[in-house]
Amino acid sequence: MEARVLRADDKTLEIELRGFPLSIANALRRHLINEVPTMAVEEVMVIENTSSVYNEVLTHRISLIPFRTDLENFVLPEECNCGNRLGCERCVVRFSLRARAVSEVITVYSREMVRETGTEVVEPVSGDFPIVKLAPGQTIELELYVRLGTGRKHAKWIPGIATLYDGPDGSRVLYFESFGFLPPARAVIEAAKIFEKRAGELEKVMLEAVGDVGKET
C-alpha cells in the first residue's frame, strides 16, 4: 500500500491511496469523522441570562463553536480517573462569558469568552462567531466547560468533512477539510493511529478467542 499527498494547506488535505482495499480506505475515512477527539463546549452553567434568547437555545448555539484542540495535555473525560463530575485540569478547560448592554444594543461574540483554566492552545477557532444580541439592560453570565469528545458521540465534535473518491489508475483519493479543531494532517494521522490501535486490539481478541484451535490449523 502506498499514500501520496496530492494537495495540502492549512484547511484541506488530499491523499492518493494506492493498493488500499475500499473497505480499509473507507474505514480510515469513518475513523476520521467519528473517532478523532476534538474540543467543544459540552456543559454550560447559566448564572444569569436576561437576553431574549432562551437558555436552551443560547447554550446549544455556544456548544456548536469549534475550539482549537490540545491533544497533548488533555484526555477524553471517560479516560480520566479524576472522579470529578465537573472534571479536572486533565479533562476540562473552563471559560467564562460575561456581557452587559448599557445604553445600546450590542452583539456578544466568541472572542469575549475568557479562559479561566487550561492551555493557550484551547480557544475558539474564530473570535467572530456571533452568540447573542443584548438590548440595553440585558445581561448574560455563563460558565463554559470545554471537553474532548468524538463525532460518534455528537456531531459538534466532528473534526471536518471527509470524502473518498476514485483517483487515477485505480487509486482512491481521501479528501479532508478541517473545521479548525486540528490541522488537516494531524487529524488524518490521529485517525490512522486510532485505526491501527483498534486493529491491534482486534487481532489480540481473535488470537485469545481462537487459542489452541489456531495452532492446530
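In the block above lies the structure referred to throughout.
To keep things clear, this report deals only with the structure shown in the data block.

Parameters at a glance
- Residues numbered from 1 in each chain as written.
- Predicted model: local features only at pLDDT ≥ 70, side-chain atom pairs only at ≥ 80, totals over all residues.
- Heavy atoms only, no water.
- Helix = DSSP H or I, 4+ residues; strand = E, 2+ residues; numbered from the N terminus.
- Rg over C-alpha atoms; globule rule 2.2 N^0.38 Å.
- Buried < 20%, exposed > 50% of the residue type's maximum accessible area, 1.4 Å probe, protein only.
- Contact = heavy atoms within 4.5 Å.
- Pairing = 2+ DSSP bridges.
- Axes fitted to C-alpha atoms, helices over the stretch in contact; angles between N-to-C directions.
- 1 Å grid on protein atoms, 1.4 Å probe; cavity = no way out; pocket = protein on both sides within 12 Å on 5 of 7 lines; lining within 4 Å.
- Points joined across faces, edges and corners; volume = space filled by probe spheres on them.
- Nonpolar A, V, L, I, M, F, W, Y, C, P; charged D, E, K, R; others polar.
- Polar contact = N/O pair within 3.5 Å; in protein donor to acceptor, adjacent residues only side chain to side chain.
- Arc of directions from axis to C-beta.
- Phe/Tyr/Trp six-rings, centres within 6.5 Å; stacked < 30°, edge-to-face > 60°.
- Lys NZ or Arg CZ within 6 Å of the ring centre and 35° of its normal.

Helices and strands together make up the secondary structure of the chain, namely 4 helices and 10 strands. N-terminal to C-terminal, the α/β element order of the chain is β-β-α-β-α-β-β-β-β-β-β-β-α-α. Scaling as 2.2 N^0.38, a compact globule of 217 residues should have a C-alpha radius of gyration of about 17 Å, whereas the chain reaches 21 Å, well beyond that. Counting all 217 residues of the chain, 41% fall into the buried class. Intrachain contacts of the chain at a sequence separation of at least 6 include 70% that bridge at least 24 residues.

Now for the sheet that holds strand 9 (residues 160-166). A sheet is described by the order of its strands in space; here 4 strands give the open sequence 1-2-10-9, paired in antiparallel fashion. The open sheet has two edge strands with one neighbour each: strand 1 (2-8) and strand 9. Averaged over all neighbouring strand pairs, the angle between strand axes comes to 20°, with direction disregarded. As defined by bridge partners, strand 1 adjoins strand 2 (residues 12-18) across 6 bridges and the pair is classed as antiparallel. The residue of strand 2 that forms the bridge with R4 is E16. Sheet contacts for helix 1 (residues 22-34): strand 2, strand 9 and strand 10 (172-178); angle to strand 9, the most-contacted strand, approximately 170°. Packing of helix 3 (residues 184-210) onto the sheet brings it into contact with strand 2 and strand 10, and relative to strand 2 it is tilted by some 45°.

Overall, antiparallel pairing links the 4 strands, which are arranged 3-8-4-6 in an open sheet. Whereas interior strands pair on both sides, the edge strands pair on one side only; in this sheet they are strand 3 (38-49) and strand 6 (114-115). For strand 4 (residues 93-100) and strand 8 (residues 139-149), the ladder comprises 8 bridges, and the chain directions are antiparallel. Bridge pairing in strand 8 links R94 to Y145. Contacting strand 3, strand 4 and strand 8, helix 2 (residues 55-63) runs over the sheet at an angle of about 150° to strand 3.

Looking now at the layout of surface pockets. Within this model, the largest pocket holds a volume of roughly 480 Å³. Along its surface, the largest pocket is lined by 18 residues, and P37, L76, E79, I194 and K197 are the ones closest to its centre. Of the residues that constitute the lining of the largest pocket, the class distribution is 7 nonpolar, 1 polar and 10 charged.

The next thing to look at is the side chain of Q138. Of note, Q138 is situated in the loop between strand 7 (130-134) and strand 8. Owing to a relative accessible area of 18%, Q138 belongs among the buried residues under this scheme. Within the local environment of Q138, its side chain forms a polar contact with the backbone nitrogen of A135, the two atoms lying 2.8 Å apart. Beyond its immediate sequence surroundings of up to four residues, Q138 is in contact with T50, S51, S52, A99, R100, A101 and K133.

Turning next to helix 2. Inspection of helix 2 places L58, T59, I62 and S63 among the buried residues, and these make up the whole buried set. Buried residues along helix 2 cover an arc of 135° about the axis, so they all sit on one side. Taken together, the buried residues of helix 2 touch strand 3, strand 4, strand 7 and strand 8.

What follows is about the packing of aromatic side chains. Under the defined criterion, the tally for this structure stands at 1 aromatic pair. Summarising the aromatic geometry, the rings of F67 and F95 are spaced 5.4 Å apart at their centres and angled 65° between planes, so their arrangement reads as edge-to-face. You can see F67 sitting in the loop between helix 2 and strand 4 and its partner F95 sitting in strand 4, a full 28 residues away along the chain. The burial state of F67 is the same as that of F95; both residues are buried. It is R111 that lies over the ring of Y109; its NZ or CZ is 4.7 Å from the centre.

For the rest of this paragraph, the subject is the side chain of S178. Within the secondary structure layout, S178 lies in strand 10. By relative accessible area, S178 is classed as buried at 10%. A polar atom in the side chain of S178 sits 2.7 Å from the backbone oxygen of L182.

As far as function goes, none of this settles anything; it's purely spatial.
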